[in-house]
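Topology and contacts: notes
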Protein chains: 2
Amino acid sequence: MADIRHRVGIAAPQARVYETLTTTEGLSRWWTRDVDGDPNPGGILRFFFGAPEPGATMEVVDLTPSRHVGWRCVGGPDEWVGTNLTFDLKPSEEETVLLFTHADWREPVEFMHHCSTKWACFLLGLKAWLEGGEATPYPGDMIISGWG
Amino acid sequence: MADIRHRVGIAAPQARVYETLTTTEGLSRWWTRDVDGDPNPGGILRFFFGAPEPGATMEVVDLTPSRHVGWRCVGGPDEWVGTNLTFDLKPSEEETVLLFTHADWREPVEFMHHCSTKWACFLLGLKAWLEGGEATPYPGDMIISGWG
């Protein structure tokens, strides 16, 4: 198994960061503008990337208010299905630290390398947006290669 | 063991990308402006981040012209010593694909999460610079948290 990991510090209250991870409005601000579904535990979230079918479907596995968000990918790229995503929040000095993992890839394929770099871009966009700047959700995301 | 992985596509000739990874001049354009040493196989490269002592010291383990660069970390943060870094280049459509790994961390510590996001920033800066934009080597790098 192989895991993607990232860490950013965000100058925003922990509850505010949590809100962007647990509401469709919040999620639409930094990953893709086109998201729907139920962000509560057991709910299904669908993320669209320009096609009629969702590019990724996540089951909300567990939530701990202001501290933890866990998703399991139940639809999307073959390599993603069955992977687990977590967002852990904690205070540190003057900021909220966000630890992200996209874990349990079956193999560290080239697409995983791509997704790692893309997640960095989206999380840095989330940080920028919560700090009063511009986020870069799809379709306004940074193109990092011919793969998008 | 745990690994950091990234992938970017760069609209520049493969040999030009390779040059930025295998000359102190090239390396100074995207990771840190303050680098010295011998970029040839068996050589030692020293990367400085504002302190008199190098923040990271790399042994150049193997080079395959225009295709592969391998370093072993022999000095720097405790968590880095003994880790292995690779840069693999290949053509793809209209670009040069760079696959990066910073492999063989003993544990997936929080600092590893931080370094993963930082590597994304540096590699995206490398891409920007080779495509005619602005790179962001230290000390002009993006600050992603209170850790730098």
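Residues numbered from 1 in each chain as written. Chains lettered and ligands numbered in written order. Predicted model: local features only at pLDDT ≥ 70, side-chain atom pairs only at ≥ 80, totals over all residues. Heavy atoms only, no water.

Now for the interface of chain B and chain A. Taken together, the contacts link 30 residues of chain B with 30 residues of chain A. Between chain B and chain A the total buried area reaches about 2,300 Å² when both faces are included, carbon and sulfur atoms providing 55% of it. Of all residues in chain B, Arg-5, Arg-7 and His-113 of chain B give up the largest surface area on contact with chain A, accounting jointly for 31% of the area buried on that side. At the boundary of chain B with chain A, the tally comes to 4 salt bridges. Counting across the interface, chain B meets chain A through 20 residue pairs in polar contact (both at pLDDT 80 or more). Elements with a minimum of two residues in the side of chain B that touches chain A: β1 (2-10), β7 (95-105) and α3 (110-130) of chain B. Ranked by the residues each element gives to the side of chain B that touches chain A, the list is headed by α3 of chain B, at 10 residues. When grouped by side-chain class, the residues that make up the side of chain B that touches chain A number 14 nonpolar, 9 polar and 7 charged. (Contact = heavy atoms within 4.5 Å. Buried area = accessible area lost by both parts, 1.4 Å probe. Salt bridge = Lys/Arg side-chain N within 4 Å of Asp/Glu carboxyl O. Polar contact = N/O pair within 3.5 Å; in protein donor to acceptor, adjacent residues only side chain to side chain. Helix = DSSP H or I, 4+ residues; strand = E, 2+ residues; numbered from the N terminus. Nonpolar A, V, L, I, M, F, W, Y, C, P; charged D, E, K, R; others polar.)

Here we take up the packing of helix α3 (residues 110-130) of chain A against α3 of chain B. Put simply, α3 of chain A and α3 of chain B touch, their axes get as near as 9 Å, and they point 95° apart. As judged from the angle between their axes, α3 of chain A and α3 of chain B are roughly perpendicular. Counted together, Ser-116, Thr-117, Ala-120, Cys-121 and Leu-124 of chain A of α3 of chain A and Ser-116, Thr-117, Ala-120, Cys-121 and Leu-124 of chain B of α3 of chain B form the full contact between these two elements. Considered class by class, the residues forming the contact of α3 of chain A with α3 of chain B number 6 nonpolar, 4 polar and no charged. (Axes fitted to C-alpha atoms, helices over the stretch in contact; angles between N-to-C directions. Parallel < 35°, antiparallel > 145°, perpendicular 65-115°, else oblique.)

Now for the relation of the copies chain B and chain A. Of the two same-sequence chains, chain B is brought onto chain A (RMSD 0.0 Å, axial shift 0.0 Å) by a rotation of 180°. Viewed as a symmetry operation, the transformation between the two copies matches a two-fold axis. Scanning chain B for the C-alpha nearest the rotation axis identifies Ala-120 of chain B, at a separation of 3.2 Å. (Least-squares fit on C-alpha atoms with pLDDT ≥ 70 in both.)

Another point: the pattern of salt bridges. Following the criterion strictly, the structure yields 16 salt bridges over all chains and no others. Linking Lys-118 of chain A and Asp-141 of chain A is a salt bridge whose minimum nitrogen-to-oxygen distance equals 2.7 Å. Residue Lys-118 of chain A is found in helix α3, and its partner Asp-141 of chain A is found in the segment after α3; the two are separated by 23 residues along the sequence. What makes Asp-141 of chain A buried here is its relative accessible area of 14%. What emerges from the salt-bridge pattern is a single network uniting Arg-7 and Lys-90 of chain A together with Glu-110 of chain B. (Buried < 20%, exposed > 50% of the residue type's maximum accessible area, 1.4 Å probe, protein only.)

With that out of the way, let us pick up the sheet that holds strand β6 (residues 84-92) of chain A. All names here are of chain A. The 7 strands lie next to each other as β1-β7-β6-β5-β4-β3-β2, forming an open sheet whose pairing is antiparallel. The open sheet has two free edges, formed respectively by β1 (2-10) and β2 (34-37), since each of these has just one partner strand. Taken over all neighbouring pairs, the strand axes of this sheet differ in orientation by 20° on average, direction set aside. Pairing analysis gives 5 bridges linking strand β5 (residues 68-75) to β6, with the strands arranged antiparallel. Bridged to Arg-72 within β6 is Asn-84. Docked against the sheet, α3 engages β1, β6 and β7 (95-105), running at close to 15° with respect to β1. (Pairing = 2+ DSSP bridges.)

As a further point, take the packing of aromatic side chains. Residue and element names in this part refer to chain A. Scanning the model with the defined rule gives 28 aromatic pairs over all chains in all. With a centroid separation of 4.8 Å and 40° between ring planes, the pair formed by Trp-31 and Trp-119 is classed as tilted. Of this pair, Trp-31 sits in the loop between α2 (24-27) and β2 while Trp-119 is found in helix α3, placing the two residues 88 residues apart along the sequence. Taking the relative accessible area as the measure of exposure, Trp-31 reaches 3% and is therefore buried. Overall, Trp-119 belongs to the buried group, its relative accessible area being 2%. Pairing Phe-87 with Phe-100 gives two aromatic rings, centres 5.2 Å apart and planes at 55°, and the pair type is tilted. (Phe/Tyr/Trp six-rings, centres within 6.5 Å; stacked < 30°, edge-to-face > 60°.)

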